[in-house]
Amino acid sequence: MSVEIFPDPRAVTTAAVEAVVESAARAIDAAGRFLVALSGGSTPRAVFQQLAAPGYGDRIEWEAVHVFWGDERCVPPSDPSSNFAMATETLLNHVEARPGHVHRIRGEDDPESAAGAYERLLRRAFTTPEGPPRLDAGSRFDLILLGMGEDGHTASVFPGSPAVRETQRWVMPTESPLPPRRRVTLTPPLINAAAEKLFLVTGEAKSAVLARVLQGPTDPDILPAQAIQDARWLLDADVASRLES
Ligand code: 6PG
């Protein structure tokens, strides 16, 4: 795990954008493609907007980028609370990602069928000439962007959710305590298999839970963000204010 603290959310955004650009360049140089899973919420919004801006987005070979989501609300893709809708409005409408390389979770479908369909899509995406996808053998995302809620959730893995301890499924339906309640989420095994996990967390309101997640007792059923190992945390000074140096 690495923790980097920046003066303010704007500096976190710029560091996150640079991390995405560098991760994309590494993956495309190594394998000719970049498999990235985006998060929802308000924090990544600024990252997507800056990624779409000249001088940033044009540093990514978008034709080699495959866009996925770490979770989705079970709403239609046109719904303002859809993570797909937010990323489309802020980023995908402004860069040359190929439509066939943008793989949304079908929030309009029944959650179980949407989760099953997405898992099958991911298993196809991760299948290589070496054989069927195996999380322990390189079947993975190059980068997963993650946020953390004030309750310590990440993606749509919420406290007390069966998804915290899931070991087999890569994608599953979950329930959020906040609306939209029905969600579909990647599970910790799939998230942990990613080459890079990048948490973006800012704001004093999350400072207490962040200190518990990073420095308190380990109990992912209560603090699901603790189920994610070896992540890189980009924090602003406010959210990091309760961390022991
Ligand atoms: C979602 C996200 C969720 C988000 C956290 C933090 O679908 O909402 O995947 O995990 O990252 O709730 O959200 P903020 O960045 O808005 O605080």
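Every value quoted in this text rests on a predicted model; they were computed, and no experiment measured them.

K.L.:
Help me understand the sheet that holds strand β8 (residues 196-201), please; the structure alone is not making it clear to me.
P.N.:
Where strands meet in a sheet, backbone hydrogen bonds hold them as pairs that are either parallel or antiparallel. Reading across the sheet, the 6 strands line up as β1-β9-β8-β5-β2-β3 and stay open at both edges, with parallel pairing between neighbours. The open sheet has two edge strands, β1 (2-6) and β3 (65-69), and neither has a second partner. Pairwise comparison of adjacent strand axes, ignoring direction, gives a mean angle of 20° for this sheet. Strands in contact with helix α6 (residues 207-215) are β1 and β9 (232-236); relative to β9, the strand with the most contacts, it is inclined by about 155°.

K.L.:
When you look at the nonpolar core in this model, what are you seeing that I'm missing?
P.N.:
As a rule of thumb, soluble globular proteins bury nonpolar side chains together. Of all hydrophobic cores here, the largest spans 77 residues; its most connected members are L122, F141, L186 and W233. If you tally residues by element for this core, the top one is helix α1 (residues 9-31), at 11 residues. Ignoring any residue separated from it by four or fewer positions in sequence, one finds L186 in contact with A37, W69, G70, Y118, L122, F141, I144, V157, W170, V171 and I191.

K.L.:
Teacher, can you tell me more about the pairing of strand β5 (residues 143-146) here?
P.N.:
Residues in a regular strand point their side chains to alternate faces of the sheet. Here β5 shows a buried face lined by L143 and L145 and a second buried face lined by I144 and L146. The sheet contact formed by strand β2 (residues 34-38) and β5 spans 2 bridges and is parallel. Residue A37 lies in a different strand from β5, and its bridge partner there is I144.

K.L.:
How do you make sense of α1 when you look at a structure like this?
P.N.:
An α-helical turn contains 3.6 residues, so a residue and the one three or four places further along point in the same direction. Taking 1.5 Å as the rise per residue, α1 with 23 residues should run 33 Å; its terminal C-alpha atoms sit 32 Å apart, in good agreement. Note on α1: the residue one or two positions beyond its end, G32, has a positive phi of about 80°.

K.L.:
In this structure, what is going on with the packing of aromatic side chains? I would like to understand it.
P.N.:
Both the distance between ring centres and the angle between the ring planes are used here to describe each pair of aromatic rings. Under the criterion given, the structure shown has 6 aromatic pairs. Between W69 and F84, the ring centres sit 5.5 Å apart and the planes meet at 65°, which makes this aromatic pair edge-to-face. With W69 in strand β3 and F84 in helix α3 (residues 83-90), this residue pair connects regions lying 15 residues apart in the sequence. F84 matches W69 in its accessibility class, with the two residues each being buried. Their ring planes at 85° and their centres at 5.2 Å tell us that F126 and F141 sit as a pair that is edge-to-face.

K.L.:
I'm lost on the layout of surface pockets in this one. Help?
P.N.:
A probe matching the size of a water molecule, rolled over the atoms, marks out where space remains unfilled. As a volume, the largest pocket reaches approximately 450 Å³. Surrounding the largest pocket, 25 residues form its lining, G41, R73, M148, G149 and H153 being those nearest its centre. Taken together, the elements giving at least two residues each to the lining of the largest pocket come down to α2 (43-51) and β4 (71-73). Forming the walls of the second largest pocket are 18 residues, and the residues nearest its centre are F126, T128, A137, G138 and S139. Sort the elements by how many residues they give to the lining of the second largest pocket and α1 lands first, with 4 residues. Class assignment of the residues belonging to the lining of the second largest pocket gives a composition of 8 nonpolar, 4 polar and 6 charged.

Analysis parameters
- Residues numbered from 1 in each chain as written.
- Predicted model: local features only at pLDDT ≥ 70, side-chain atom pairs only at ≥ 80, totals over all residues.
- Heavy atoms only, no water.
- Pairing = 2+ DSSP bridges.
- Helix = DSSP H or I, 4+ residues; strand = E, 2+ residues; numbered from the N terminus.
- Axes fitted to C-alpha atoms, helices over the stretch in contact; angles between N-to-C directions.
- Contact = heavy atoms within 4.5 Å.
- Core = buried A, V, L, I, M, F, W, Y, C linked by side-chain atoms within 4.5 Å.
- Buried < 20%, exposed > 50% of the residue type's maximum accessible area, 1.4 Å probe, protein only.
- Expected span 1.5 Å × (residues − 1).
- Phe/Tyr/Trp six-rings, centres within 6.5 Å; stacked < 30°, edge-to-face > 60°.
- 1 Å grid on protein atoms, 1.4 Å probe; cavity = no way out; pocket = protein on both sides within 12 Å on 5 of 7 lines; lining within 4 Å.
- Points joined across faces, edges and corners; volume = space filled by probe spheres on them.
- Nonpolar A, V, L, I, M, F, W, Y, C, P; charged D, E, K, R; others polar.

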